[in-house]
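Each chain, written out:
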Amino acid sequence: MQLTSVQKNLQQQIEHAINHGKLNDAHLLLVSNINNTPNDHFSYFLLAQINIAANDNSKAHKLLHKAISIDPMPLYFAHLAKLAVLNGKLLDAQQAINKAVKHTQFNAIECDLIANVLTRLGHYQLALEWQLQAHQHAPTNPQMSYNLAVAYKIMGQFNDAVQLLHSLIKQHPQHFQAHYSLAELNDNQQAKQHLQLLLGLTEYAKTPMQQQFLHHAIALNYEHCTDYKQAFTHFNTSKKLIYQNVKYNAQAHREFCRQLIALSDDHRPQINHNNFAPLFIVGMPRSGTTLMEKIINQSAHVQGVGELNDIAQLCQGNNTQLLNSSVINAVYKNSELTTQLAQYQQRITQLVDPQLRSCDKQPFNFYYIDLILAAFPSAKIICMQRGGKDSCIANFRQLYNPASPFHHYSYNLNNIKNFYEDCGDLIEHFTNKYPDNVITIKYEELVTNPIASTQRVYAFCDLTWQEQCLDFYKQHSPSATASKVQVRQPLNNKAIDYWQHYGFAL
């Protein structure tokens, strides 16, 4: 969308007002514009941005639709898609982004926005193409460069990512997130060189997030150099910086899981003859879920859909709190939930060839197994489990987004241990309750006896086993998970007993 000089000036005024918390002034200006010119679609669009800044997404949604009703600009559809993603309306997001990407007249920020939406919807190759456009429009913008490097990593283009990250760090030495992303890809020699630079930057990391990225990058590089004591020191520093803010309550989670099991014991869903048979892979993060996903997706009868958040969002409904007693009680009492979950099936039909079965690898779907099987009684659910000490250390080593409440357990080793036990209790319960629908696979058995393990999984999922399912690493499929590097290697047992490097900490 080519803005007029008047529109550009107005947009700058509104952005300045939002950045300085002057929402009322901006609101009055835009309302005045609309009163004077009722068909001023651009003022409706900007007014939607004001309402988003004010956390009134419902009003913003109406305003965007009003702007579109006057003039269906591709830019408005892109923002509508972003808002739909934020609200968990993924079908709406898909429809809106489909209309936006038909056009190409976008600036760098708008291309970046579209790429972000496409990433959230699992369209990683298309997201990379739009991220490339964003970078071409603004090659010196550090955020555009970083986002493109992440898109390269998702698609397995590691050399491109490394080259871009080196260039970015050279221009912006204090881009700590870029340092962390580069540290993930370093080898031993590169790590030694990178450490010299990072250790000289500690005084410049001011905010908790900057410090987290910096110390995690230092820790990863020490790991590459096999100095595990120094690595643990910096992992610990990184985690402590965020732990103070997330306020995770391990006892509350344990009580929640016990309540969930009690509710499940009394749960008797209505008979449902829906023959929709999706596949789900669940388990504690870093338990081998991505590895299993790649193996299952090798089947000619399966199409992966990545990690969809649809189930959690549909179950949570309008509740702003994530997984507490009142929310889970409401979920189990919601007689309309099975009908609502039909939206998930509708979304799958947009993503997957009608002749194929979908494979959804959202690890935390283990909370919703009762609800999934009530809606889709033909579904198959693979629960991954890994040894306790390896799981705990792997989660402690991983940098998760603090904005994700699902991962708040991961900032303290004792909390991780308790969370691991809670997950084990839930998975054991659901495996016993649904022996025909839920199977548990141990990571260690998968990597040490892959043929027998994968044959067992394929048979359980009613799939024809083929030996090439173990050739997943030869594929160039995207991976947006923490295992994006590992899943591009053949099956190996290197990660078994990795915890022993950190035995002194346990």
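Residues numbered from 1 in each chain as written. Predicted model: local features only at pLDDT ≥ 70, side-chain atom pairs only at ≥ 80, totals over all residues. Heavy atoms only, no water.

Going by what an unreviewed UniProt entry lists, the protein chain is known as Sulfotransferase and is assigned to Pseudoalteromonas neustonica.

Caption draft 1: Looking closely at the UniProt feature "repeat: TPR" (unreviewed entry) in the protein chain. Sites flagged by UniProt as "repeat: TPR" (unreviewed entry) map to residues 142-175. With 79% helix and 0% strand, the stretch residues 142-175 has end C-alpha atoms that lie 8 Å from each other. (UniProt positions renumbered as here; feature names shortened; annotations may be inferred. Helix = DSSP H or I, 4+ residues; strand = E, 2+ residues; numbered from the N terminus.)

Caption draft 2: Spotlight on the sheet that holds strand β4 (residues 380-385). Taken together, five strands build an open sheet; the order of strands is β2-β3-β1-β4-β5 and the sheet is parallel. The open sheet is flanked by β2 (302-304) and β5 (438-442), the only strands paired with a single partner. Between one strand axis and the next, the sheet turns by 25° as a mean value, whatever way the strands run. Looking at chain direction, β2 and strand β3 (residues 357-360) are connected through three bridges and run parallel. Looking across to β3, one finds that Q303 is bridged to S358. Against the sheet, helix α25 (residues 450-460) engages β4 and β5, with an angle of about 170° to β5. (Pairing = 2+ DSSP bridges. Axes fitted to C-alpha atoms, helices over the stretch in contact; angles between N-to-C directions. Contact = heavy atoms within 4.5 Å.)

Caption draft 3: Spatial organisation of the packing of helix α5 (residues 74-86) against helix α7 (residues 108-120). Running from amino to carboxyl end, α5 crosses α7 at an angle of 40°, the nearest separation of the two axes being 10 Å. With respect to each other, α5 and α7 are oriented oblique. As α5 runs across α7, the sense of the crossing is left-handed. Contacts from L75, A78, H79, A81, K82 and V85 of α5 reach α7 at E110, L113, I114, V117 and R120. Residues that form the contact of α5 with α7 fall into these classes: seven nonpolar, one polar and three charged. (Parallel < 35°, antiparallel > 145°, perpendicular 65-115°, else oblique. Left-handed = near helix turned anticlockwise from the far one by under 90°. Nonpolar A, V, L, I, M, F, W, Y, C, P; charged D, E, K, R; others polar.)

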